[in-house]
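Spelled out, the chains give:
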Amino acid sequence: SLDFWRLLYALLKQIHGGKWTECDAIDHQIRFVKSALWYHGYGRPELYRLPSDGSAGSRELLLAFSWLLHRLSLLEQLLARNRVKTGDETSVCTCEDDLPKSQKGTTEIAPACGLEDRIDVRYLQWLNGRLRFQWQSLHAQHQEQCKLLHKIHLFTSGSHTDQNLGHFSVTETDLIRQPENYKQLLQLLESETVQLEAFLEWKQLEPVYWQWMETVLDNMAEEGRICESYDAHGEKSGLPKATSCCPWAVSLTGQIDRLSRDLITLHDQLHELITHRKAVWCEKVKTREEKLQKEGFSATARKIQESVELKLLELTDLCAPKKNKMHGLYRLVFRSKHPASKTGFGRSVSKEPAAAVSAAEVIRELQMREASLERELKQLREECRQRLDEIAEGLDGVICVSP
């Protein structure tokens, strides 16, 4: 179990971009593994009850490791992070920052190493200020990096044999200036090749692993049923014979029945509410139509229809996932401002990769996302203000002045 804790600690440290050393205390490694698994939404409480000295829990750790393989694509992420980057790349993400389903409702299984129940607000304000300062520093460093990359791409334009690129990257420029470093790069590439070969071998044997994990799960489920049956007989709870063999199945069936009844009730209530609101809106439309029998009725109706169609289009865009969302690493390629050139730097190059995106397109996507977040922030502030007003109205002898 100690080896398994160290393995999960090393893997999760790489996933979260941190450095790990073997000299870290085992209790620190176990706390980090539990926190990382809880962060990713691992919902088995038996893992969080394991002792902090690492003396037990090898099978629970095996289940957690298998869960990481399946849910997070652990090996693929490690290969992507440890990939030798010979080109200048940047991460582009215009996806929505929605909370994954696996992380919803997992606060009740938080490990014991979490924050205390009471935290000073001033400490949270200090953390917020520190985070903002570090974010500004990171943004300034990123801008400086972009300026330096632009200089390298501009000064080396026309030197690369690949016309789709036309310029050298930082790694290629460093190899030109210091040719003796190619041996180190070659070693890194060979190491990456060994990892890829091991990954291919794993993909061939992966079905055997998951068949074995099915037997492990069946054994654990059988042991759980035996323990539950033993506890039920020992306590003499007087349960019916039908529930003594598999009480979890009866409990699950009861929960499903209750959920079905609740869903049917909600469906009936929604149907009645829709019918009532539809009748009210029809009455309002009829009244409004009677008031607008003049020449401007058709124009007003057309504007209302366009507004409704626009809102429906926005709602459809929000509900339906967009296929053109950009996510992942993209290589930075310098493009001349001129539409065409002899060296092939312009956008008219026919050999340009299909996955290429322009900075202007990413900026437009981010600006749209920024506007959406600003509208959401404004709405949340208005709701908070209304809530504070309602609370202030219930306070006797207190005058609240809004800022």
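Conventions adopted
- The residue numbers shown here count from 1 along each chain, following its written sequence.
- The predicted origin of the model limits local features to residues at a pLDDT of at least 70 and limits the giving and counting of side-chain atom pairs to 80 or more, whereas totals for whole chains, interfaces and linings rest on all residues.
- The side-chain figures draw on all heavy atoms in the structure; neither hydrogens nor water molecules are used.
- The helix and strand labels rest on DSSP assignments: H or I over at least four residues marks a helix, E over at least two residues marks a strand, and numbering proceeds from the N terminus.
- Whether two residues are in contact is decided by their heavy atoms, any of which lying within 4.5 Å being enough.
- Computed with the Shrake-Rupley method and a 1.4 Å probe, the accessible areas treat only the protein chains shown as cover for residues.
- Stacked, edge-to-face and tilted are the three classes for Phe, Tyr and Trp ring pairs, Trp counted by its six-membered ring, which pair at centre distances within 6.5 Å; planes under 30 degrees apart are stacked, over 60 edge-to-face, the rest tilted.
- Burial classification: accessible surface area is computed with a 1.4 Å probe over protein chains only, and a residue below 20% of its type maximum counts as buried, one above 50% as exposed, and the rest as partly exposed.
- As a reminder, the over-ring test applies to NZ of lysine and CZ of arginine, requiring each to be within 6 Å of the ring centre and within 35 degrees of the ring normal.
- What makes a salt bridge here is a side-chain nitrogen of Lys or Arg within 4 Å of a carboxyl oxygen of Asp or Glu, nothing more.
- Scored between 0 and 100, pLDDT is the confidence that the predictor attaches to each residue.
- The length a helix should cover is 1.5 Å for every residue beyond the first.
- Contacts described as polar in this section are N or O atom pairs within 3.5 Å, which, within protein, must combine one atom able to donate a hydrogen with one able to accept it, while residues neighboring in sequence count only if both atoms come from side chains.
- For our purposes a nonpolar core is just a set of buried Ala, Val, Leu, Ile, Met, Phe, Trp, Tyr and Cys residues, chained together by side-chain atoms within 4.5 Å.
- For every domain, the bounds stem from an assignment made automatically or drawn from a database.
- Like charges within 9 Å and nonpolar side chains (Val, Leu, Ile, Met, Phe, Trp, Tyr) within 5 Å are joined into patches, using only residues over 30% in relative accessible area that form no salt bridge.
- Note on definitions: angles span 0 to 180 degrees between N-to-C directions of axes, and those axes are lines fitted to C-alpha atoms, for helices only across the stretch in contact.
- Each angle is binned into one of four classes, with values under 35 degrees roughly parallel, values over 145 roughly antiparallel, values of 65 to 115 roughly perpendicular, and all other values oblique.
- By the definition used in this description, the sense in which the near helix is turned from the far one sets the handedness, with an anticlockwise turn below a right angle giving left-handed and a clockwise turn giving right-handed.
- Gly counts as polar in this scheme, as do all residues outside two lists: the nonpolar Ala, Val, Leu, Ile, Met, Phe, Trp, Tyr, Cys and Pro, and the charged Asp, Glu, Lys and Arg.

A.B. asks: Explanation requested: the overall build of the chain in the structure shown.
C.D. replies: Along its length, the chain carries twelve helices and two strands. In the chain, the order of α-helices and β-strands from amino to carboxyl end is α-α-α-α-α-β-α-α-α-α-α-α-β-α. Residue pairs in contact within the chain that sit at least 24 positions apart in sequence constitute 65% of those at least 6 positions apart. Carbon and sulfur atoms provide 58% of the accessible area of the chain, an area that totals close to 31,500 Å².

A.B. asks: Before we go on, may I ask you to explain the packing of aromatic side chains in this structure?
C.D. replies: We describe a pair of aromatic rings using the distance from one ring centre to the other and the angle between the two ring planes. Under the counting rule described, the total for this entry stands at seven aromatic pairs. Aromatic pair Y209 and W210: ring centres 5.2 Å apart, planes at 75°, arrangement edge-to-face. Looking at Y209, the relative accessible area reads 13%, which means it is buried. The exposure class of W210 is partly exposed, given its relative accessible area of 26%. Their ring planes at 65° and their centres at 5.9 Å tell us that Y209 and W212 sit as a pair that is edge-to-face. Separated by three residues within a single helix, Y209 and W212 lie in helix α8 (residues 182-235), roughly one turn from each other. Of the residues examined, W212 reaches a relative accessible area of 44% and is grouped as partly exposed. Through pairs of rings, three or more aromatic residues link up here, namely W202, Y209, W210 and W212. Just above the ring of F32 sits the side chain of K13; from NZ or CZ to the centre is 4.7 Å. One Lys or Arg, K284, reaches over the ring of W281 and ends 5.1 Å from the middle of that ring.

A.B. asks: Teacher, can you tell me more about the pattern of salt bridges here?
C.D. replies: Oppositely charged side chains are able to pair whenever their charged atoms sit close together. Applying the stated criterion to the full structure yields nine salt bridges. For R44, the salt bridge is made with E46, and the minimal N-O distance between the two is 3.8 Å. R385 is the salt-bridge partner of D389, the closest N and O atoms lying 3.1 Å from each other. Of this pair, D389 and R385 are both found in helix α12 (residues 359-393), four residues apart, which corresponds to roughly one turn of the helix.

A.B. asks: Explain the confidence of the model for the chain here, please?
C.D. replies: Atomic detail in the predicted coordinates should be set aside for any region of low pLDDT. The share of residues in the chain with pLDDT of 70 or more is 74%, and the mean pLDDT across the chain is 76. Averaged pLDDT values over the elements of the chain bottom out at 42 in helix α9 (residues 241-245) and peak at 91 in helix α6 (residues 121-155). In the model, residues 235-246 has pLDDT below 50 throughout and makes five contacts with residues more than four positions away in sequence or in other chains. Low confidence marks residues 338-354, where pLDDT is under 50. Its contacts with residues over four positions away, or in another chain, come to 23 contacts.

A.B. asks: Where do I start with α12 in this structure?
C.D. replies: Given 3.6 residues per helical turn, the α-helix brings residues three or four places apart onto the same face. Between the first and last C-alpha of α12 there are 50 Å, a value that for 35 residues agrees with the 51 Å anticipated at 1.5 Å per step. For α12, the complete set of buried residues consists of V362, E365, R369 and A392. Packed against the buried residues of α12 are β1 (89-93).

A.B. asks: Just checking my understanding: could you explain the side chain of E206 for this structure?
C.D. replies: As for its position among the elements, E206 is in helix α8. For E206, a relative accessible area of 18% gives the class buried. Side chain to side chain, E206 and K203 meet in a polar contact 2.9 Å long.

A.B. asks: Looking at this structure, how should I read the nonpolar core?
C.D. replies: If you look at soluble globular proteins, the nonpolar side chains tend to sit buried side by side. Membership of the largest hydrophobic core comes to 30 residues, with the highest contact counts inside it found for L37, Y42, L47, L68 and L74. Elements that contribute at least two residues to this core include exactly α1 (2-15), α2 (26-40), α3 (45-48), α4 (58-71), α5 (74-81) and α8. Counting residues per element, this core draws most heavily on α4, which supplies eight residues. Split by domain, the residues of this core number at least three in each of domain 1 (1-82) and domain 2 (85-94 + 121-228).

A.B. asks: Sorry if this is basic, but what is going on with a nonpolar patch on the surface here?
C.D. replies: The grouping of I119, Y123, L124, W126 and L127 at the surface amounts to a nonpolar patch, some 460 Å² of accessible area in total. Tracing the sequence through the fold places I119 in the loop between β1 and α6. Since its relative accessible area comes to 32%, I119 is described here as partly exposed.

A.B. asks: Just checking my understanding: could you explain the packing of α1 against α2 for this structure?
C.D. replies: The geometry of a pair of packed helices is captured by two quantities: the angle between their axes and the separation between those axes. The interhelical angle for the contact between α1 and α2, taken along N-to-C directions, is 60°, at an axis separation of 9 Å. Overall, the two elements α1 and α2 adopt an arrangement that is oblique. Here α1 runs over α2; the crossing is left-handed. Residues L2, W5, R6, L8, Y9, L12 and K13 of α1 lie in contact with α2, whose contacting residues are I26, H28, Q29, I30, F32, V33, K34, A36 and L37. When the residues that make up the contact of α1 with α2 are grouped by side-chain class, the tally is eleven nonpolar, two polar and three charged.

A.B. asks: Got a minute to help me understand the packing of α1 against α5 in this structure?
C.D. replies: In the contact formed by α1 and α5, the axes pass within 10 Å of each other and the chain directions differ by 55°. With respect to α5, the element α1 is oriented oblique. The interaxial crossing formed by α1 with α5 has left-handed handedness. Residues L11, Q14 and I15 of α1 form the contact with α5, whose own contacting residues are L74, Q77, L78 and R81. Along the lines of polarity and charge, the residues of the contact of α1 with α5 split into four nonpolar, two polar and one charged.

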